[in-house]
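# Notes for the structure review
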Amino acid sequence: MADMKNPEETTKTLSRRDLIKGVIAAGAVSSAGYLFRSSGVRAAQTQSAAGSVERLVTLNINGQQRPVDVMKQETLAMTLRYKLGLTGTKLGCDRSECGACTVLIDDVPHYSCSVLTHSVRGKKVVSIEGLASADGKLHPVQQGVVDEQGFQCAFCMSGFIMSAVGFLKVNPKPTRTELAHGISGNLCRCQDYDKILTALLKGAENMRRA
Amino acid sequence: MPTNKVNIPNYRLLGKNYTTPDMVAKVTGKSKYAEDFRAEGMLFCKLLLSPLPHGRVKRIDASAALAMPGVKAILTADELPPPAPFITDDGVMIPADPRAERGLTNEPLYQGEPVLAVAAVDELTAAEAIEKIQIDWERLPFAVDPMVTLKPGGPNARTDGNVWVVPPPAPPKPGEKPAGPPLPQVQDFKWTDAEYAEFKQGKLPMSKPSMEWSYGDIEAGFKKADLVVDEAFVTPNTSHQCMETRTAMAYWQNGKVFVHCSTQSTAQTVPAIARWLSIDQTNVVVISEYTGGGFGSKVTSGISLTIPVLLSKKVNAPVMMRVSREEEHYIGRARPGFHGRMKAGFTKDGRLVALDMFVVTDGGPYGPQGDANSSGRIVSLCYTPENMRWRGVNVITNTPPRGAQSQPGGAQGVMIMEPVMNKAANKLGLDQVAIRRINAPAGKAGIGGAIKGKRDHVTSAFVQEALDKGAELFRWNERKSQVKKSGTKARGIGVAVSAYSAGSIGFDGLFVIKPDGKIYIQSGVGNLGTESMIDSHRVVAEVLGVPWEQCVVTWGNTAKHLPWTCPSGGSQTIHAMTRAAHATAMDAKQKLQEIAAMDLGGTPADYEVGGGRVFRKGGGAGLTFAQAAQRAIKLGGKYDGHEVPETVSRMTKASVTGLAGQGLLAAAKDKYKRDGITNSYVAGFAEVEVDLETGEYRIVDYVGVADVGTVIHPRAFGGQMFGRTSLGWGHALAQKWVYDQHYGAPLAKRFYNSKPPTILDVPVNNFKWAAVDIPDPETPVGARGIGEPPVGAGASAVLNALVDALGENIFRRAPVTLDIILTALETGKPGDDPLTAHI
Ligand code: FES
Ligand code: FES
């Protein structure tokens with residue numbers, strides 16, 4: 001087995017890497033509720049109970065004050081998806097690579113998979129569910145996407161729309177190239193970039209007209 | 001009797017843009033993908049993945065994990081149902097394959113293969129339980145590079161060998177149903193010393209193949225040749241990396257399993273799950289309303305969904321398995337990389353008279369992929385060699401399982417052949433468009449090898465038309481003479497031809513015209529983003545002459561009575577399901593005419609259908625659809641679905657019964673004739689600009705012209721043209737796997753290191769697409785699929801443009817990264833390693 005010169009070294013490397021991987025995975029998802037430490041388990045456990053302590057905080061989500069129990073290490077994406085039932089925010093990578101989880105925090109687009117929920121206390125969070133008005137009228141950017149049949153599978157769509165809405169707040173009249181740069185932190189694996197850009201530009205135009 | 005000659009003159013709906021009915025849910029975040037469902041008492045599971053590229057589980061100690069509060073159960077490979085034989089709907093017996101992939105394994109064949117799973121009250125507890133499990137491993141030899149395992153004395157990826165061989169099918173016994181395909185076998189195959197010496201020279205040995213076919217007389221072809229080009233090329237392994245991973249959630253109720261999953265094909269996933277679990281398909285319900293991309297990796301979802309399914313049975317509670325991005329790298333499928341060598345003979349006017357094609361595929365550990373054979377078939381179609389031999393070796397490696405990826409095999413074949421076409425044109429002093437035009441398929445062109453002297457042929461091909469239209473849109477002739485180099489920048493242009501299968505036949509359609517006058521269409525197509533799930537049903541409204549707004553489409557849940565539908569893979573849907581929709585609309589039309597004749601006198605032929613009514617020809621008495629629906633319910637029998645048509649398949653029959661009595665029910669199987677195999681074609685044109693100081697290059701602009709018959713929904717079509725072309729660009733620019741060969745460990749597992757194109761990598765401002773707009777003559781509305789051929793055209797047009805900008809001595813593999821270009825410019829030799837995989 002010429003390709004396995006040093007199996008000892010292999011064991012150590014792999015097991016340590018796996019351990020680290022596991023710790024990261026555990027850290028990223030821990031809290032109460034569905035994914036998170038359920039309360040019964042928490043009471044019975046000592047070792048990781050410290051990491052699971054929740055505090056009741058009130059968050060401003062889509063214009064509403066929402067009280068919610070949050071762990072120290074809980075990410076905003078998890079709070080939105082698993083505690084507040086706002087599943088329109090998607091997880092594509094959970095590591096700041098793809099932008100599927102983008103939400104606005106005080107009008108600025110952020111990757112919610114990589115923002116701690118505690119850090120948004122006192123700030124305004126807007127997710128895809130918060131764009132349309134209460135009577136169901138779509139936000140002009142959403143309307144632009146509908147008008148132009150933007151996106152394919154749409155798993156990346158809410159992230160792109162939130163990025164675009166954030167970008168348009170600072171540059172309401174972008175060129176195609178400027179908008180492409182504005183949303184370049186978002187990945188689309190259907191690679192519908194051409195139609196996405198056309199749709200979001202239509203959204204920008206809708207916004208200016210509104 | 002259905003014929004192909006049903007002309008629908010001046011389409012009202014087909015070929016027009018409209019808004020698909022899933023858009024508002026998508027933009028508001030209300031669309032639910034697999035991970036967005038919750039069920040009462042839902043548990044979570046986590047996977048233990050193999051740390052070894054190849055090993056055997058000697059002992060599992062899960063006691064500490066199982067003792068943790070909140071841990072509900074462990075599932076190991078020992079608890080999976082054994083691989084079982086099954087019988088297809090057509091009565092063909094598929095034998096059990098002991099080497100087939102399963103959800104979990106005790107002998108992982110690649111690093112990251114799932115070994116066991118733990119279900120717990122929450123995901124953190126499950127993840128901690130996994131950390132507490134101890135496994136004693138036996139290490140086994142491994143190979144991650146197909147070239148390494150072929151060396152004399154090289155390690156084998158499987159204990160019994162390193163190459164797949166598929167025995168020829170047994171001849172059918174008289175009076176018996178034809179036997180299913182024979183099981184693939186594994187062989188131990190190594191190069192001879194002479195072949196190995198050739199490999200060390202940087203040449204791919206044309207060794208003993210494990211598969212081959214041919215047509216014509218290749219020796220005679222080479223004798224006719226004025227020029228012989230002999231080139232090798234390496235294409236990358238590329239993960240599908242769908243934005244949505246293959247997360248799944250399952251629960252059991254009254255002996256039925258409900259599976260929320262991410263799949264390309266709603267209807268087809270039912271028998272797949274039934275097969276994996278060895279249960280009857282009537283006990284499987286698939287819910288998949290929205291799927292976050294597939295590209296071939298989720299044709300019937302993935303076998304990994306059996307893990308939450310079996311755990312939920314074991315613990316009698318719903319179980320969600322969230323698949324992380326890294327896990328998706330392992331279990332999420334990838335396109336097999338190819339090592340290919342082409343020996344091609346051309347006459348001096350550019351005609352390809354002989355082609356000897358040899359490919360080695362890097363196939364991962366499970367089952368031989370169809371890619372190898374497809375690569376030969378597509379090359380034989382795209383460039384119509386007069387005489388051809390194709391040979392292949394399907395190598396087994398300890399790398400994640402491969403699966404079909406947009407234009408599977410075809411893209412690799414085109415990428416290996418295009419540099420040869422390019423070189424031949426340059427050597428012969430011919431124009432690049434002209435040499436492809438001379439060799440382009442036309443009409444009922446041949447495809448693949450000859451069996452008893454006869455080859456298959458395609459339904460139609462209009463590739464010369466596509467090349468002409470593309471050359472004009474791209475201004476090829478003008479741009480040919482432009483200055484290539486200015487200062488530190490070099491520019492080049494390239495063209496490539498590509499083809500792929502684009503439609504199947506024989507599936508069912510189903511809809512009900514209800515007393516509210518609306519048409520309720522049942523769609524078994526998956527909603528993976530191509531919109532063919534909706535687009536194909538526009539044919540119903542077109543044929544029945546009703547506004548589209550009068551149609552309501554139900555999809556995404558097999559409990560809602562869906563018809564038997566083609567797999568949404570290989571771009572079959574728009575072809576297969578427009579045919580089924582057409583047949584079903586004709587069934588409705590017939591029933592409407594019969595009801596009108598019964599009520600209003602005369603014969604059915606005296607009536608026509610249009611504007612939501614059935615009425616006497618030339619105007620006069622008639623019934624609205626609403627009235628006819630009421631009459632159908634009164635009449636019962638075949639009119640409202642109480643009598644089930646014999647011709648439709650098992651799943652459709654059950655769905656007809658489920659919907660019976662609600663209105664006028666139309667159900668039919670596509671039995672339209674087809675002469676030939678349906679393929680679509682693309683001619684791609686690209687310009688690139690290279691920075692000679694940094695090696696960076698960008699695609700300046702691109703034109704893609706498709707020969708796809710009737711375009712049904714232009715905007716969705718344009719999305720496929722751009723998206724699939726862009727997938728091809730990714731193969732040229734950056735996407736690949738990288739392995740630590742010493743440990744057999746993958747290094748490019750995430751987006752940031754496998755580098756799929758971002759919006760800044762592609763020419764979003766300078767992309768044009770067009771279609772030749774000639775309907776396919778072998779299908780009712782003339783439509784063929786488009787999702788495949790743009791890939792190879794996109795990759796190769798860019799690579800050919802790079803050669804035009806920099807010359808021939810730069811690269812021998814894709815992707816072409818800037819370091820390859822810089823090294824080549826500096827040394828005057830190709831800047832890449834010719835044959836090593838995964839670097
Ligand atoms: S999920 Fe947050 S960036 Fe990908
Ligand atoms: S539309 Fe599918 S990932 Fe963007």
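Only a predicted model underlies this, so the values are computations on that prediction, with no experimental measurement involved. (Residues numbered from 1 in each chain as written. Chains lettered and ligands numbered in written order. Predicted model: local features only at pLDDT ≥ 70, side-chain atom pairs only at ≥ 80, totals over all residues. Heavy atoms only, no water.)

### Comments concerning the overall build of chain B
Stated formally: The numbering of helices and of strands both runs from the N terminus, where a helix is a DSSP run of H or I of at least 4 residues and a strand a run of E of at least 2. For every residue, the accessible area (1.4 Å probe, protein chains only) is compared with the maximum for its type, and the residue is labelled buried under 20%, exposed over 50%, or partly exposed between those bounds. Contact criterion: two residues are considered in contact whenever any of their non-hydrogen atoms come within 4.5 Å of each other. Every accessible area reported is derived by Shrake-Rupley at a probe size of 1.4 Å, with residue values counting cover from the shown protein chains alone. Note on charges: Lys and Arg go in the positive column, Asp and Glu in the negative column, and His and the chain ends are not counted at all. By convention, the charge on Lys lies at NZ, on Arg at CZ, on Asp at CG and on Glu at CD.
Helix and strand counts for chain B come out as 23 helices and 36 strands. Referenced to the eigenvectors of the C-alpha coordinate spread, the extents of chain B come out at roughly 85 × 75 × 60 Å. With 839 residues in all, chain B has 65% of them scored as buried. Within chain B, counting contacts between residues at least 6 apart in sequence, those at least 24 apart form 79% of the total. By element, 52% of the accessible surface of chain B is carried by carbon and sulfur atoms, the whole surface being about 27,800 Å². Placing the 91 positive and 85 negative side-chain charges of chain B at their respective mean positions leaves the two points 2 Å apart.

### Brief notes about unusual backbone geometry
Residue and element names in this part refer to chain B. With an omega of 0°, the peptide bond between A814 and P815 qualifies as cis. Note that P815 resides in the loop between helix 22 (790-806) and helix 23 (818-827). Positive phi, close to 45°, is recorded for Q241, a residue that is not glycine. Along the chain, the position of Q241 falls in the loop between strand 12 (238-239) and strand 13 (248-253). Residue class for Q241 comes out buried when judged on its relative accessible area of 5%. In this structure, N254 is a non-glycine residue whose phi angle is positive, near 50°. By secondary structure assignment, the location of N254 is in the loop between strand 13 and strand 14 (256-260). By relative accessible area, N254 is classed as exposed at 83%.

### Some remarks on the sheet that holds strand 36 (residues 767-771) of chain B
Residues and elements named next belong to chain B. So the rule is basically this: Think of it this way: DSSP has to see at least two bridges between two strands before they count as a pair.
Across the sheet, which stays open at both edges, the five strands sit in the order 23-24-32-33-36 with mixed pairing between neighbours. Of all strands in the sheet, those bounded by a partner on one side alone are strand 23 (485-486) and strand 36. Pairing of strand 32 (residues 679-691) with strand 33 (residues 697-707), which is carried by 10 bridges, proceeds in the antiparallel orientation. What sits directly across from Y681, in strand 33, is D707.

### A look at the confidence of the model for chain A
Residue and element names in this part refer to chain A. Inclusion rule: Along the chain, pLDDT gives the predictor's confidence residue by residue, from 0 to 100.
Across chain A, the average pLDDT comes to 83, with 75% of residues at or above 70. In the model, residues 1-33 has pLDDT below 50 throughout and makes 58 contacts with residues more than four positions away in sequence or in other chains. Contacts from residues 39-51, a stretch scored under 50 in pLDDT, to residues over four places away or in other chains number 20 contacts.

### A few points about the pattern of salt bridges
Selection criterion: A side-chain nitrogen of Lys or Arg and a carboxyl oxygen of Asp or Glu constitute a salt bridge if their distance falls within 4 Å.
A complete count under the given rule lists 60 salt bridges over all chains for this structure. Of the charged contacts in the structure, one is a salt bridge between D107 of chain A and K169 of chain A, with a shortest N-O distance of 3.7 Å. With D107 of chain A in the loop between strand 3 (102-105) and strand 4 (108-111) and K169 of chain A in helix 6 (residues 157-170), this pair connects stretches of sequence that are 62 residues apart. A relative accessible area of 40% places D107 of chain A in the partly exposed class. Taking the shortest distance from any N to any O, the salt bridge between D776 of chain B and R784 of chain B comes out at 2.7 Å. Judged on exposure class, the residue D776 of chain B and its partner R784 of chain B are both buried. Via salt bridges that share partners, R81 and K90 of chain A together with E35, D36, E123 and R322 of chain B belong to a single interconnected network.

### Overview of the state of the cysteines
The bond known as a disulfide is covalent and runs between the sulfur atoms of two cysteines. Residues and elements named next belong to chain B. Which entries qualify depends on this criterion: For the purposes of this analysis, a disulfide is any pair of cysteine sulfur atoms at a distance within 2.5 Å.
Applying the stated criterion to the full structure yields zero disulfides over all chains. In this model C566 remains outside any disulfide bridge; the closest cysteine sulfur is found in C261, 17 Å from its own. The exposure class assigned to C566 is buried, which follows from its relative accessible area of 1%.

### Considerations on the sheet that holds strand 30 (residues 622-624) of chain B
Sheet strands pair by backbone hydrogen bonding; their relative direction is either parallel or antiparallel. Residue and element names in this part refer to chain B. Rule in force here: Each axis is a line fitted through C-alpha atoms, taken for helices only over the stretch in contact, and angles between the N-to-C directions span 0 to 180 degrees.
Spatially, the three strands line up as an open sheet ordered 28-29-30, and their pairing is antiparallel. On the outer flanks of this sheet lie strand 28 (607-610) and strand 30, each paired with one strand and no other. Across the sheet, the mean angle separating the axes of adjacent strands is 20° when strand polarity is ignored. Note that strand 28 and strand 29 (residues 613-616) share four bridges and pair antiparallel. Considered in strand 29, the bridge of E608 is made with F615. Against the sheet, helix 17 (residues 573-600) touches strand 28, strand 29 and strand 30, its axis set at about 130° to strand 28.

### Regarding the interface of chain B and chain A
Condition: Two parts placed together each lose some accessible area; with a 1.4 Å probe, that loss summed over both constitutes the buried area. Two N or O atoms count as a polar contact when they lie within 3.5 Å, although within protein this holds only if one can serve as hydrogen donor and the other as acceptor, and sequence-adjacent residues are included solely when both atoms are side-chain atoms. Here the nonpolar group is Ala, Val, Leu, Ile, Met, Phe, Trp, Tyr, Cys and Pro; Asp, Glu, Lys and Arg are the charged ones; every other residue, Gly included, is treated as polar.
The partner chain A presents 74 residues to the 80 residues of chain B that form the contact. Together chain B and chain A conceal approximately 6,600 Å² of surface at their shared face, both sides included; 57% is due to carbon and sulfur atoms. For the pair chain B and chain A, the number of links is five salt bridges. For the pair chain B and chain A, the number of links is 25 residue pairs in polar contact (both at pLDDT 80 or more). Elements that contribute at least two residues to the side of chain B that touches chain A include exactly helix 1 (23-28), strand 1 (43-49), helix 3 (123-132), helix 9 (325-331), helix 20 (714-733) and helix 21 (751-754) of chain B. Its residues placed into classes, the side of chain B that touches chain A shows 38 nonpolar, 24 polar and 18 charged.

### Topic: the packing of aromatic side chains
All names here are of chain B. Definition in use: For this analysis, a ring pair means two rings from Phe, Tyr or Trp (six-membered ring only for Trp) whose centres lie within 6.5 Å, classed as stacked if their planes differ by under 30 degrees, edge-to-face if by over 60, and tilted for the remaining angles. Think of it as a cone above the ring: NZ of Lys or CZ of Arg counts as a charge over the ring if it is within 6 Å of the ring centre and within 35 degrees of the ring normal.
Scanning the model with the defined rule gives 22 aromatic pairs over all chains in all. When the ring of F474 is compared with that of W476, the centres are 6.1 Å apart and the planes differ by 35°; the resulting orientation is tilted. Here F474 falls in the buried class, since its relative accessible area comes to 0%. The ring of Y18 carries R538 above its face, with NZ or CZ at 3.6 Å from the centroid.

### What to know about the domain arrangement of chain B
By a widespread convention, an interface's size corresponds to the accessible area lost as its parts come together. All names here are of chain B. Spelled out, the test is: The domain limits used here are those given by an automatic or database domain assignment.
According to the domain assignment, chain B consists of domain 1 (34-140 + 248-321) and domain 2 (504-669). Here domain 1 and domain 2 have C-alpha centroids that lie 37 Å from each other. Across the boundary between the two partners, domain 1 contributes 22 residues, which contact 22 residues of domain 2. Buried surface at the junction of domain 1 and domain 2, both sides included, amounts to about 1,700 Å², of which 51% is carbon and sulfur. It is Q264, A267 and Q268 in domain 1 that bury the most area against domain 2; as a group they hold 29% of the surface buried on that side. Taken together, the links from domain 1 to domain 2 amount to one salt bridge. Linking domain 1 with domain 2 are 13 residue pairs in polar contact (both at pLDDT 80 or more), by the criterion used here. Those elements giving two or more residues to the side of domain 1 that touches domain 2 turn out to be helix 7 (266-277) and strand 15 (284-287). Examining the composition of the side of domain 1 that touches domain 2, we find that five residues originate from one element, helix 7, more than from any other.

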